[in-house]
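These are the residues of each chain, in order.
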Amino acid sequence: MAESAEASSRPMNDDRWQGGWHRAAVRRDSPNFGPRPAGALIDLIVLHSISLPPGQYGGDAVAALFTNTLDWEAHPYFQSIRGLQVSAHFFIRRDGVLWQFVDVGQRAWHAGVSCYRGRVQCNDDSIGIELEGLEGDTFTPAQYATLVQLCTDLAQHYPVAHIAGHEHIAPGRKRDPGPGFDWPHLEQQLAWSHACFPRPAGG
Ligand SMILES: [Zn+2]
């Protein structure tokens, strides 16, 4: 949520942030990023779910994927994503631990072909947060707690005005975080304007 235009130009060195890196996150640098377009208005948070292999929690395969160190031979499923180069800014484990892969000021590779709030190529001006999970599965209280704190901290430094799922910015192509994600709970916890949250399909 943007409090004002100057929110985005506020100094980034405080107790929560060091530049575009969150101090509470375990830093795991990904090479999969690039510069944002000049003047990008970082006003969108995109939520995802991921686990590798799908439905197996607690391992390190997602971090390996995001850092281009995944052993493609380690599991049959990995053959289907062989060579994939992707990233997100953040990953929230089932136990609530926060990992960060890309500086928020840089463009991470999580959205793909996408359109939201009238703008395409959402990677340009969004922040990607992955929740360890699976489409259809629910998420843990620890994950919601970390997510709420992270979104709050992001909104203090970026002009965040929208939060949506991958399923909302790439409908028909993507379905994460999926029906197990509790949007009303997030909205109640964040207490941001209702207009910040995704509308039901057709709404
Ligand atoms: Zn996604």
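Scroll up to find the structure.
In this report, the structure presented in the accompanying data block is examined. (Residues numbered from 1 in each chain as written. Predicted model: local features only at pLDDT ≥ 70, side-chain atom pairs only at ≥ 80, totals over all residues. Heavy atoms only, no water.)

**Considering the pattern of salt bridges**
When charged atoms on two side chains of opposite charge get close, those side chains can pair.
Here's step 1: On inspection of all chains with the given rule, the structure shows eleven salt bridges.
Here's step 2: A salt bridge links arginine 119 to aspartate 43, with the shortest nitrogen-to-oxygen separation between them at 3.0 Å. Highlighted residues: arginine 119 in strand β10 (residues 119–120) and aspartate 43 in the loop between β4 (33–35) and β5 (44–50), separated in sequence by 76 residues.
Here's step 3: Between aspartate 124 and arginine 107 there is a salt bridge whose closest N-O contact spans 2.6 Å. Of this pair, aspartate 124 sits in the loop between β10 and β11 (126–132) while arginine 107 sits in strand β8 (residues 106–108), placing them 17 residues apart in sequence. (Salt bridge = Lys/Arg side-chain N within 4 Å of Asp/Glu carboxyl O. Helix = DSSP H or I, 4+ residues; strand = E, 2+ residues; numbered from the N terminus.)

**So, the packing of helix α2 (residues 141–155) against helix α4 (residues 183–190)**
Here's step 1: Two elements in contact, α2 and α4, have axes whose closest approach is 10 Å; the angle formed by their N-to-C orientations is 50°. With respect to their mutual orientation, α2 and α4 come out oblique. As α2 packs across α4, the resulting crossing turns out to be right-handed. Contacts between α2 and α4 involve Tyr144, Leu147, Val148, Cys151 and Thr152 from the first element and His185, Leu186, Gln189 and Leu190 from the second.
Here's step 2: Grouping the amino acids of the contact of α2 with α4 by side-chain chemistry returns six nonpolar, three polar and no charged. (Axes fitted to C-alpha atoms, helices over the stretch in contact; angles between N-to-C directions. Parallel < 35°, antiparallel > 145°, perpendicular 65-115°, else oblique. Left-handed = near helix turned anticlockwise from the far one by under 90°. Contact = heavy atoms within 4.5 Å. Nonpolar A, V, L, I, M, F, W, Y, C, P; charged D, E, K, R; others polar.)

**Details of the coordination of the zinc ion**
Here's step 1: Listed as protein donors to the zinc ion are His48 (ND1), His166 (ND1) and Asp176 (OD); their distances from the metal cover 2.0 to 2.2 Å.
Here's step 2: Counting the intervening residues between successive donors of the zinc ion yields the motif H-x117-H-x9-D. Of the two residues, histidine 48 is situated in strand β5 and histidine 166 in helix α3 (residues 166–169); the sequence distance between them amounts to 118 residues. Like histidine 48, the residue histidine 166 is buried in the burial classification. (Donors = N, O, S within 2.8 Å, 3.2 Å for Na, K, Ca; no water. Buried < 20%, exposed > 50% of the residue type's maximum accessible area, 1.4 Å probe, protein only.)

**Quick word on the environment of isoleucine 42**
Here's step 1: Within the fold, isoleucine 42 resides in the loop between β4 and β5.
Here's step 2: According to the relative accessible area criterion, isoleucine 42 is buried, its value standing at 9%.
Here's step 3: Taking the C-alpha atoms as reference points, isoleucine 42 and aspartate 124, 82 residues apart in sequence, are found 8.1 Å from one another.
Here's step 4: Apart from residues no more than four positions distant in its own chain, isoleucine 42 is found in contact with Arg36, Val104, Asp125, Ser126, Ile127, Tyr158, Pro159 and Val160.

**Considerations on the side chain of glutamate 130**
Here's step 1: Along the chain, the position of glutamate 130 falls in strand β11.
Here's step 2: Buried and unpaired, glutamate 130 has no salt bridge, with lysine 174 as the nearest side chain of opposite charge at 8.5 Å.
Here's step 3: Setting aside residues up to four positions removed in sequence, glutamate 130 forms contacts with His48, Ser49, Ile50, Phe66, Ala88, Phe90, Phe91 and Ile92. (Lys, Arg positive; Asp, Glu negative; His and termini not counted.)

**Observations concerning the side chain of aspartate 125**
Here's step 1: Inspection of the secondary structure assignment puts aspartate 125 in the loop between β10 and β11.
Here's step 2: Among the residues examined, aspartate 125 registers a relative accessible area of 8% and is labelled buried.
Here's step 3: Side-chain polar atoms of aspartate 125 contact the side chain of arginine 117, separated by 3.1 Å.
Here's step 4: Engagement of the side chain of aspartate 125 in a polar contact is seen with the side chain of arginine 119, the distance being 3.1 Å. (Polar contact = N/O pair within 3.5 Å; in protein donor to acceptor, adjacent residues only side chain to side chain.)

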